[in-house]
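What follows is the residue order along each chain.
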Amino acid sequence: MMTIHPLSPEDAPALAAMRQAASAHKGEKLGPEARPMFDAMFAATPAAADVQVEAATAGGIAGFWLRPVSARSGAHILYLHGGGYVLGSAGALTNFAGQIASRVGADTFVPDYRLAPEHPFPAAIDDAVAAYRGLVADGAERIVVVGDSAGGGLTLSLLSALAADKTNGMVQPVGAAVMSPWTDLALTGDSLGTRAEADPIFTGGVLQGFADMYLQGQDAKNPKASPLYARLNGLPPIRIDVGDDELLLADSVRYADRARAAGVEVTLSVWQGMPHVFQSSLGHFLAAERSVDAIVDFLRQRLVGTSPSNSTASEA
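Computed from a prediction, not measured in an experiment: that's the story for all the values here.

Visitor: Where do I start with the packing of aromatic side chains in this structure?
Guide: Two aromatic rings are characterised by how far apart their centres lie and by the angle between their planes. Applying the stated rule across the entire model yields seven aromatic pairs. Judged by centre distance (5.1 Å) and plane angle (45°), the ring pair of Phe 38 and Phe 42 falls under tilted. Separated by four residues within a single helix, Phe 38 and Phe 42 lie in helix 2 (residues 35-43), roughly one turn from each other. Taking the relative accessible area as the measure of exposure, Phe 42 reaches 5% and is therefore buried. Geometrically, the ring pair formed by Tyr 79 and Phe 96 is edge-to-face, given 6.2 Å between the ring centres and 85° between the ring planes. With Tyr 79 in strand 4 (residues 75-80) and Phe 96 in helix 3 (residues 94-104), this residue pair connects regions lying 17 residues apart in the sequence. Among the residues examined, Phe 96 registers a relative accessible area of 0% and is labelled buried. Through pairs of rings, three or more aromatic residues link up here, namely Tyr 85, Phe 121, Trp 182 and Tyr 214.

Visitor: Hey, could you run me through the packing of helix 3 against helix 9 (residues 286-303) in this one?
Guide: Helix-helix packing is described using two parameters, namely the angle between the two axes and the distance between the axes. The geometry of helix 3 relative to helix 9 is characterised by a closest axis approach of 9 Å and an angle of 50° between their N-to-C directions. When the axes of helix 3 and helix 9 are compared, the pair comes out oblique. Crossing geometry of helix 3 relative to helix 9 is assigned as right-handed. Residues Phe 96, Ile 100, Arg 103 and Val 104 of helix 3 form the contact with helix 9, whose participating residues are Glu 289, Val 292, Asp 293, Val 296, Leu 299, Arg 300 and Leu 303.

Visitor: What am I meant to see in the environment of Ala 262 here?
Guide: Within the element layout of this structure, Ala 262 appears in the loop between helix 8 (249-261) and strand 9 (266-271). For Ala 262, a relative accessible area of 24% puts it in the partly exposed group. Linking Ala 262 and Leu 232, residues 30 residues apart in sequence, is a C-alpha distance of 6.0 Å. Not counting residues up to four positions away in its chain, the partners in contact with Ala 262 are Leu 232 and Asn 233.

Visitor: For this particular structure, what's the right way to read the nonpolar core?
Guide: In summary, soluble globular proteins display a tendency toward joint burial of nonpolar side chains. Grouped together as the largest cluster of nonpolar side chains are 84 residues, with contacts concentrated most on Ile 100 and Trp 182. With residues up to four places along the chain from it excluded, the contact list for Trp 182 reads Gly 84, Tyr 85, Ser 149, Ala 150, Gly 153, Leu 187, Leu 207, Phe 210, Ala 211, Pro 227, Leu 248 and Asp 251. Of all hydrophobic cores here, the second largest spans 20 residues; its members include Ile 240, Leu 249, Ala 256 and Ala 259.

Visitor: Would you mind showing me how to read the pairing of strand 5 (residues 107-111) here?
Guide: Residues in a regular strand point their side chains to alternate faces of the sheet. Burial runs high along strand 5: five of the five residues are buried. In this sheet, strand 5 lies alongside strand 3 (residues 61-68) in antiparallel orientation, the contact comprising four bridges. In the sheet register, Trp 65 faces strand 5, and the bridge partner there is Phe 109. Crossover connection from strand 4 via helix 3 to parallel strand 5: handedness right-handed.

Visitor: How should the sheet that holds strand 9 be read in this particular structure?
Guide: To summarise the sheet geometry, strands pair through backbone hydrogen bonds and adopt either a parallel or an antiparallel arrangement. Taken together, the nine strands give an open sheet; going across it, the order is 1-9-8-7-6-4-5-3-2, and neighbouring strands pair in mixed fashion. Looking at the sheet topology across the chains shown, the edges are occupied by strand 1 (3-5) and strand 2 (51-58). Put simply, the sheet's adjacent strands are angled 20° from each other on average, direction ignored. As defined by bridge partners, strand 4 adjoins strand 6 (residues 142-148) across six bridges and the pair is classed as parallel. Bridging from a neighbouring strand, Ile 77 pairs with Val 144 of strand 6. Against the sheet, helix 3 makes contact with strand 2, strand 3, strand 4, strand 5, strand 6 and strand 7 (175-179), and its axis sits at roughly 45° relative to strand 3, the strand it touches most.

So, how was this worked out
Residues numbered from 1 in each chain as written. Predicted model: local features only at pLDDT ≥ 70, side-chain atom pairs only at ≥ 80, totals over all residues. Heavy atoms only, no water. Phe/Tyr/Trp six-rings, centres within 6.5 Å; stacked < 30°, edge-to-face > 60°. Helix = DSSP H or I, 4+ residues; strand = E, 2+ residues; numbered from the N terminus. Buried < 20%, exposed > 50% of the residue type's maximum accessible area, 1.4 Å probe, protein only. Axes fitted to C-alpha atoms, helices over the stretch in contact; angles between N-to-C directions. Parallel < 35°, antiparallel > 145°, perpendicular 65-115°, else oblique. Left-handed = near helix turned anticlockwise from the far one by under 90°. Contact = heavy atoms within 4.5 Å. Core = buried A, V, L, I, M, F, W, Y, C linked by side-chain atoms within 4.5 Å. Pairing = 2+ DSSP bridges. Right-handed = clockwise from strand over helix to strand, strands pointing away.

Written out as structure tokens, the structure reads:
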């Protein structure tokens, strides 16, 4: 029910170097003061040459449109950035999201949803819903949603929120792709123990700190915060990519299992040796290129109106 991608020999040296560099900082608490560092890390992703970046709003939420020269008519992506609901910005993600926009050939909106602790739950999901509704109000009819890390969890929460809105005639996403999604803010996954040493970046304490800043005492199992506990019936096809060495591995596996049980088409790809949201390391990891290409393939198939064949068991 999942595809396992072995670590390629080409990636082993770069992965070892990354682990060594990250080891000195593993477990450091990350609050708002880390925002410049986090943004600089994502801004280092190479920019796509053919994408125009425009400051804009959608549904009253500020952000950026990424417009490829060869964008297909009627195809739109909503990209939700990660950062534990505390870090990250639309501006910093324009390079990485622009790579996806360029390869898919679709206009992409990246909203600057409000961050904790200044704006606790449910600010992020409220802004994601508002941005999506803004795209629909502007005439978008074929929309896919993409997100990484907390933005991946936000993407999956958005799918369930929109599915519950079907009776109101809301245009539904035609698919979603998430990278290393955080689906369980209650932190009950067994990989928090089994991958504690293997994860080069996170500790349980770091994730708990993010959850505390975002939830501020609210229920960690609220479906709008933790999509693992949401109603999953009626969702569009979903692709999930995750590293095998992540604390959050179980967040992907358990969500995929629950979604399949609810009748959702799910493609789950697990990449051996890879860290959290490794896809942003385009140009460093061969696995990043391969994963992004497979994600782009999936998104294209959804946006042109054809479904991936046998998506529950094979690679898109």
